[in-house]
Amino acid sequence: MTALHDLKLSIDGMSCAACVGRASKALQDVDGVSDVAVNLASESATLHYTAPADPGAIAAALDRAGYPARRAKVVLDIEGMSCASCVGRVDLAIAALDGVTDVNVNLASETATVTYLEGMVTPSDLIAAAASVGYPATVREASATVDISARKEAEAAELKREVLIASALTLPVFVVEMGGHLIPPFHHWIMATIGQQTSWVAQFLLTTLVLIFPGRRFYTKGIPALLHGAPDMNSLVAVGTLAAYLFSTVATFAPGLLPEGTRAVYFEAAAVIVTLILVGRFLEARAKGRTGAAIARLMQLAPKTALVLRDGQEIEIEASAVRTGDTVILRPGARIPVDGTVTEGSTHVDESMITGEPIPVDKQPGDAVTGGTVIGTGSLRIEATAVGSATTLAQIVRMVEDAQGAKLSIQGLVDRITLWFVPVVMGLAALTTLVWLVFGPAPALSHALVAGVAVLIIACPCAMGLATPTSIMVGTGRAAEMGVLFRKGDALQALQGAQVVAFDKTGTLTMGKPQLTDLVLAEGQDRATVLRLVGAVEAQSEHPIARAIEAAAKDELGSLPAARDFRSQTGFGVRAAVEGRAVLIGAARLMARENIALGSLEQAAAAMAAQGKTPLFAAIDGQIAAALAVADPLKPTTKAAIAALHDMGLKTAMFTGDAQVTARAIAAQAGIDHVEAELLPRAKVKALEALRQDGARLAFVGDGINDAPALASADIGIAIGTGTDVAVEAADVVLMRGDLAGVVNAFTISRATMRNIRQNLFWAFAYNTALIPVAAGLFYPAFGVQLSPMLGAAAMALSSVFVVSNALRLRRISPQMQEG
């Protein structure tokens, strides 16, 4: 069976939804490629491929389509090479990685210069490949992770320069031409001083500079796309501005070629359109950079260097060069560069940037630490257990990037529409021009030119292409900052459609650790004495209930005496001698068998059982001494979280292996609507299917290995991040903490993001459908008014900025429920 591979590429040159459609089609046309998702906001593409497709062929298809896959170059210092065969082995190992496009291994300089596809391979992967054939490598120059924020800042800086140049050249053209139209005395002054012909020639020169220099990007991309039969937004701008420019040039230098009465110039329209669209792109680039701010902040958590112990010497190296098994030395206040295990030292570690937990966590030898977290006042030595792309922080970044690059089902509809939108617009522009030429008033050619250019410019589908991906990027980034990771981007859309939220009980709704909750004494008994004797006996048992009683006794009393002659009787209880006294602990049936009367404690135990607790009895020297209850208590935020979900209109359910009485008591405490008790792990999937029978969409929240089937089977699986890796891998959404406030916040983010997407799509589609008829001249018969192409350019640029700015509002979403 042919292996299925995942591929993520960064793409250059996309500026609108039509570009997305063209890039998507180019990828889909490659034999073996499937599940293509192209994202305008992150300028990336994700896909699956099988043979005969390969990354080289896929990148070549993008290059041919005019949207090249972005490459990066890294230089590795290679150790241990001594001959040409060493060079060959390193070359083959690195070249075998999917996504590597060129390798140059140099024996003299002991380096490897590697060109690779951004988004698919990282320098850590290259280092691992070299090490796998016996040649350790370190990074000399690298950029391990694509930072869209930094890239967009650089792009915005370049666009700012172009805007300033274009504005300086356009302003005189605009003032002279439009000032003359608006202020007749100014027009007369121009005519009397420099004259019309000189004015037009000056406008021609300035506009030519605008189009050749700041505006060249539209023509170098738009015209080839048009000639290839795949016009995009750049094509619309190129055709519109060139039409106005060429008509004006003919009117200036060869007026005899034009029909009588049509001589006019529109240099200001061409120049102002280019300038305004550049302004829009500058604002858009600056705003899009902020959409990746969450990723940037996560990336900044990883320190650039690490202090390691090599050959008995402390040396500072690039963090990306740390190897598994290295000893990393951490000074007070240092940020941990890799995941590891403490080998020496003790201190508190601030893990809030990863888990959201505000209280520093004590770390001792043997404890695990996470890269990106900060140590307190002490020093540590750790053994690196996960480096590079294998660290927890790298996996979090990758999860967020994957979610941000996902294509929701609603985006698929947008892409299908916009794929044909630009050709249709060009057809409408041609039809508009023809209608004005045939039916328009004199001068018909001038009116036709204005209307055709206005339709081309105002219909650019930038806002349509940005509407969904920008909201996804900002929404999932904000979710990550709130401790909610959408492992699969489509979960963002699916979650807001859920109607029922089902919870595993143990470790999800409850603490997952039994605790002694009640100790009711018989008349004449002393609490400290009873607890000391009972705790001493239970210290001999491995049962979870015994552990809870022992822990409570130690917490309250400190050390416990030793117990002798310990005996366990399955199904009944335990007995032992402590300090010369006979102690018996167990269920009511044990007391009945020993003929020990329970007295009033029988009623107390019944009340405990009704509350979902497990009651036990303790007898000392043949007399009843106390009734105890052990329970797995609800987490502090469980009740509030369930109430918040109810306020959102969601129904709740609880799945557990507990007995019906216990389960119903716990569900009543939490406020759960529906209970499924006495379930084996496989039965949870069947219980989910039963809840689905009325068509309800289900979200399931769990944390254990036994929850993995249910997490995978539910429409949306939500894993508590404090749970097992198996549960996390099976889920669509991961909560970084074990706090159920994260479930509420996940729904809040999902609903807010989808609402934001609908707002953006409404604005984008309404804008295009409403203004195209206006640009075509709908109001001219009634009001004698035509829409200026310059106003169309301003409105088009504004629509894109509006969509991105609206998406950025998601950064201000506050957690609906604070974590406990």
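Anything mentioned here points back to the structure above.
Residue indices begin from 1 for each chain and proceed along its sequence in written order. Local features in a predicted model are, by the rule used here, given only for residues with pLDDT of at least 70; side-chain atom pairs are given and counted only at 80 or more, and totals for whole chains, interfaces and linings are based on all residues. Remark: hydrogens and water are excluded; side-chain values derive from all non-hydrogen atoms of the structure.

Note on pairing: DSSP must find at least two bridges between two strands before they are called paired. Here a helix means four or more residues in a row that DSSP labels H or I, a strand means two or more in a row labelled E, and each is numbered from the N terminus. Taken in spatial order, the three strands make up an open sheet running S13-S12-S15, and their pairing is antiparallel. In this open sheet, the two edge strands, each paired with only one partner strand, are strand S13 (361-363) and strand S15 (374-375).

A patch consists of residues exposed above 30% relative accessible area that lack any salt bridge, with like charges linked at up to 9 Å and nonpolar side chains (Val, Leu, Ile, Met, Phe, Trp, Tyr) linked at up to 5 Å. A 1.4 Å probe and the Shrake-Rupley method give the accessible areas. Residues count as covered only by the protein chains that appear here. Put simply, a salt bridge is a Lys or Arg side-chain nitrogen that is within 4 Å of an Asp or Glu carboxyl oxygen. The charged-residue count follows a simple rule in which Lys and Arg add positive charge and Asp and Glu add negative charge, with His and chain termini not counted at all. Where a charge lies is defined by one atom per residue type, namely NZ (Lys), CZ (Arg), CG (Asp) and CD (Glu). Together, Arg755, Arg758, Arg809, Arg811 and Arg812 make up a positively charged patch on the protein surface. Mapped onto the secondary structure, arginine 811 falls in the segment after helix H30 (789-808).

Our next topic: a nonpolar patch on the surface. There is a patch of nonpolar side chains on the surface, built from Trp420, Val424, Leu428, Leu431, Leu434, Val435, Leu437, Val438 and Phe439 and spanning about 910 Å² of accessible area. With respect to the helices and strands, phenylalanine 439 occurs in helix H14 (residues 409-439).

A pair of Phe, Tyr and Trp rings is counted when the ring centres sit within 6.5 Å of each other, with Trp represented by its six-membered ring. The angle between the planes then sorts it: under 30 degrees is stacked, over 60 is edge-to-face, the rest tilted. Taken as a whole and assessed by the stated rule, the structure comprises seven aromatic pairs. Plain terms: the ring middles of phenylalanine 204 and tyrosine 245 are 5.9 Å apart, the flat faces sit at 15 degrees to each other, and that makes the pair stacked. With phenylalanine 204 in helix H7 (residues 196-212) and tyrosine 245 in helix H9 (residues 233-253), this residue pair connects regions lying 41 residues apart in the sequence. Here phenylalanine 204 and tyrosine 245 have matching classes, each one buried. Through a chain of ring-to-ring contacts, three or more aromatic side chains come together here, namely Phe204, Tyr245, Phe253 and Phe267. Only lysine NZ and arginine CZ atoms are considered, and such an atom sits over a ring when it is within 6 Å of the ring centre and within 35 degrees of the ring normal. A cation sits over an aromatic face here: arginine 589 above phenylalanine 572, 5.9 Å from the ring centre. Here the basic side chain of arginine 593 rests over the ring of phenylalanine 572, its NZ or CZ set 4.5 Å away from the ring centre. The rule is simple: take the accessible area with a 1.4 Å probe, protein chains only, and divide by the maximum for that residue type; under 20% is buried, over 50% is exposed, in between is partly exposed.

In this section: the packing of helix H19 (residues 527-538) against helix H20 (residues 544-557). Orientation is described by lines fitted to C-alpha atoms, with helices fitted over the stretch in contact, and by angles between N-to-C directions that extend from 0 to 180 degrees. With their axes 8 Å apart at the nearest point, H19 and H20 run at an angle of 135 degrees to one another. By the angle between their axes, H19 is oblique relative to H20. Considering only the axes of H19 and H20, their crossing is left-handed. Facing H19, whose interface residues are Arg527, Ala528, Leu531, Arg532, Val534, Gly535 and Glu538, H20 presents Ala546, Ile549, Glu550, Ala552, Ala553, Glu556 and Leu557. Three classes are used: nonpolar for Ala, Val, Leu, Ile, Met, Phe, Trp, Tyr, Cys and Pro, charged for Asp, Glu, Lys and Arg, and polar for all others, with Gly counted as polar. Considering only residue class, the contact of H19 with H20 consists of eight nonpolar, one polar and five charged. Each angle is binned into one of four classes, with values under 35 degrees roughly parallel, values over 145 roughly antiparallel, values of 65 to 115 roughly perpendicular, and all other values oblique. When the near helix sits turned anticlockwise from the far one by under a right angle, the crossing is termed left-handed; a clockwise turn instead gives a right-handed crossing. Any two residues having at least one pair of non-hydrogen atoms within 4.5 Å are treated as being in contact.

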